[in-house]
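Residue strings, one per chain:
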Amino acid sequence: TIHIVINNQIGFTTSDPRDTRGTLYCTDIAKMVDAPIFHVNADDPEVCLLAVELAMEYRQQFHKDVFIDLVCFRRLGHNEADEPMVTQPLMYKKIAAHPGTRRLYADRLVAAGAVKDGEPEAMIATYREAMDKGLHTNTTILSNYKHPYAVDWTVYRGHHWTVAGDTRLPLRSVKALAKKVTEVPAGFKLHPRVEKVIADRRAMADGRQPLDWGMGETLDYATLLHDGYGVRLSGEDVGRGTFTHRHAVLHDQNREKWDSGTWVPLQHLKPGQPTFEVIDSVLTEYGVVGFEYGYATSDPTRLVIWEAQFGDFANVAQVVIDQFISSGEAKWGRICGLTLLLPHGYEGQGPEHSSARPERFLQLSAEHNMQVVVPTTPAQIYHLLRRQMVRPFRKPLVIMSPKSLLRHKEAVSSLDELAEGSFQTVIGETAKVTAKGVRRVIVCTGKVYYELAAHRREHKIDDVAIVRLEQLYPFPHADFKAAMAKFPNVREVVWCQEEPQNQGAWYRLRAYFRADIAPKAVLPCAGRPVSAAPAVGYLSKHNTQQKQLIDDAFAKKLSAGEMLVGT
């Protein structure tokens, strides 16, 4: 990368230079990566051009970073109406006496005989006249020229989020790809644990075992590559997966990485396939997410994914999320299909390893600007990621991805569900219950569903149905209404969430619930008590809270109207 620093001292109550850094130059930080730094007097345009040419040649020759420090100033301070002399009197006395870069260069050109006396003023007059008339001032523009990297985004505009995308693929193709992703070169020594994972995936490919989350996700990438879409995955430890579920990159136990010691099955599905990139990026979320946002806005034919090590870590990239991902299309018409995988779920691991903060993403959601989804089965993640590319539009996709569900014995799917299914925004009751006998429906999202289902089985409860809301935004009103309509005698609808009640989806979605359920039904929430922190720090207290919110969801007596349960 060529880094260009516009080093103009901002004349608006600017910081004391002695406070901004402990070094002479603002670019001294580049020394930590041994990058060359060109300090240039920006009053000399020809030297600036020379520095750029040197930087370009250095990058092309050595493929390393290089810095250009353009030392300059702001004539008008912070903005055109600012009076910087109020806070920077001595500096701006010097700037007021400075003739300006244009004038200095013009005088040099006249003195050298390159232009005639008075010609610079004539150039200025001609330029201003063209601007006043609204004409092009750049006379070097090529007509009918299309940049080789330009993308026609018009085909991705004008589609509603409900437009269906056919994510099915023939079963024989899915099986063939399932076998390809488990192939390992002869003599490639796997770690015993990884060898077990690959053996299990071979059994899944043969239909002898149901698919777990890692296999469902892997087959999504394989089928997208098969269909002609590239895949790019970055984040801390994404090759293996933070919770060792992915194993997209296999490691030979007898060789180092740089000595042909790695094998990426998804890069070897067929000749001429699109690229599959998996990048174990550094734990610098702000920089990496910003880069992947830019990548996704430039290539709509590639599934671009960033995965947080834990969902909470996305808070370091909050500036990118707030100013670009959630609002870039509204502010600039900039379309982006970036996908964020944010591991989410309360497993007693403390405040910084529990919540991906779904409430923050829901607060940012409006005008169908992005998707916030919490899938609960391997088939759901398979069809969800395929849908992201198959549908004729691009929107940011925020996935509250699982941790414990990666190996949950009930969070499994079949090959048929992958081949013939589709992403379900709402999953209705899957157990055998008598619809007319159901007095209460518990609506939930994420891993708490499996705990609710286990509690219901254990206590032999037959008058409570459980509905999973898999897509939080855009809210699937039609699908939610259809799921609720199956239980005509329901007068109690409980929203159950693991998060504290001032967090999670409750505050943002309860108006949607109220609009779509029976008018006379009570609508309480079962969740953790309101809290400043996302979670508690003691496992025993976590378990107590978890048990309480499950009990609250099934409680015999509910608070009236909109009162909350569990506070």
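Quick caveat, the model's predicted, so the values are computed rather than measured.

K.L.:
Describe in detail unusual backbone geometry, supporting the description with residues and values.
P.N.:
The residue after Tyr473, namely Pro474, is reached through a cis peptide bond having omega -10°. Secondary-structure assignment places Pro474 in the loop between strand E15 (471-473) and helix H16 (477-485). Of note, the phi angle at Asp34 is positive, near 55°, even though the residue is not glycine. Within the secondary structure, Asp34 is located in the loop between helix H1 (17-20) and strand E2 (37-41). You can call Asp34 exposed: its relative accessible area is 66%. Backbone geometry places His63, a non-glycine residue, at a positive phi of 55°. Along the polypeptide, His63 turns up in the loop between helix H2 (45-62) and strand E3 (66-73). Residue classification places His63 among the exposed positions, given a relative accessible area of 68%.

K.L.:
Describe in detail the pairing of strand E17 (residues 525-528), supporting the description with residues and values.
P.N.:
Here strand E16 (residues 492-500) runs beside E17; their pairing, made up of three bridges, is parallel. Of the residues in E17, the one forming a bridge with Pro500 is Arg528. Crossover connection from E16 via helix H17 (residues 506-516) to parallel E17: handedness right-handed.

K.L.:
Which residues make up the nonpolar core, and what values do they have?
P.N.:
Counting residues in each nonpolar core, the largest one holds 94 residues, and the members touching the most others are Leu219, Tyr221 and Leu342. The element that contributes the greatest number of residues to this core is helix H8 (residues 213-227), accounting for seven residues. Beyond its immediate stretch of four places on either side in the chain, Tyr221 contacts Val231, Leu233, Arg246, Leu266, Phe276, Leu303, Ile305, Leu341 and Leu385. Residues Ala411, Tyr449, Cys496 and Ala526 belong to the second largest nonpolar core, which totals 18 residues.

K.L.:
Could you give me a rundown of the pattern of salt bridges, with the residues and numbers involved?
P.N.:
Evaluated as defined, the whole model comprises 30 salt bridges. In this structure, Asp44 engages Arg108 in a salt bridge whose closest nitrogen and oxygen atoms are separated by 3.1 Å. Separated by 64 residues along the polypeptide, Asp44 in the loop between E2 and H2 and Arg108 in helix H4 (residues 101-111) bring together distant segments of the chain. In this structure, the salt-bridge partner of Glu359 is Arg357, at a minimum N-O distance of 2.9 Å. Residue class for Glu359 comes out buried when judged on its relative accessible area of 15%. We classify Arg357 as buried; its relative accessible area is 19%. In the salt-bridge network here, residues are joined through shared partners; they are Arg232, Glu277, Glu292, Asp299 and Arg302.

Cut-off values and rules
- Residues numbered from 1 in each chain as written.
- Predicted model: local features only at pLDDT ≥ 70, side-chain atom pairs only at ≥ 80, totals over all residues.
- Heavy atoms only, no water.
- Helix = DSSP H or I, 4+ residues; strand = E, 2+ residues; numbered from the N terminus.
- Buried < 20%, exposed > 50% of the residue type's maximum accessible area, 1.4 Å probe, protein only.
- Pairing = 2+ DSSP bridges.
- Right-handed = clockwise from strand over helix to strand, strands pointing away.
- Core = buried A, V, L, I, M, F, W, Y, C linked by side-chain atoms within 4.5 Å.
- Contact = heavy atoms within 4.5 Å.
- Salt bridge = Lys/Arg side-chain N within 4 Å of Asp/Glu carboxyl O.

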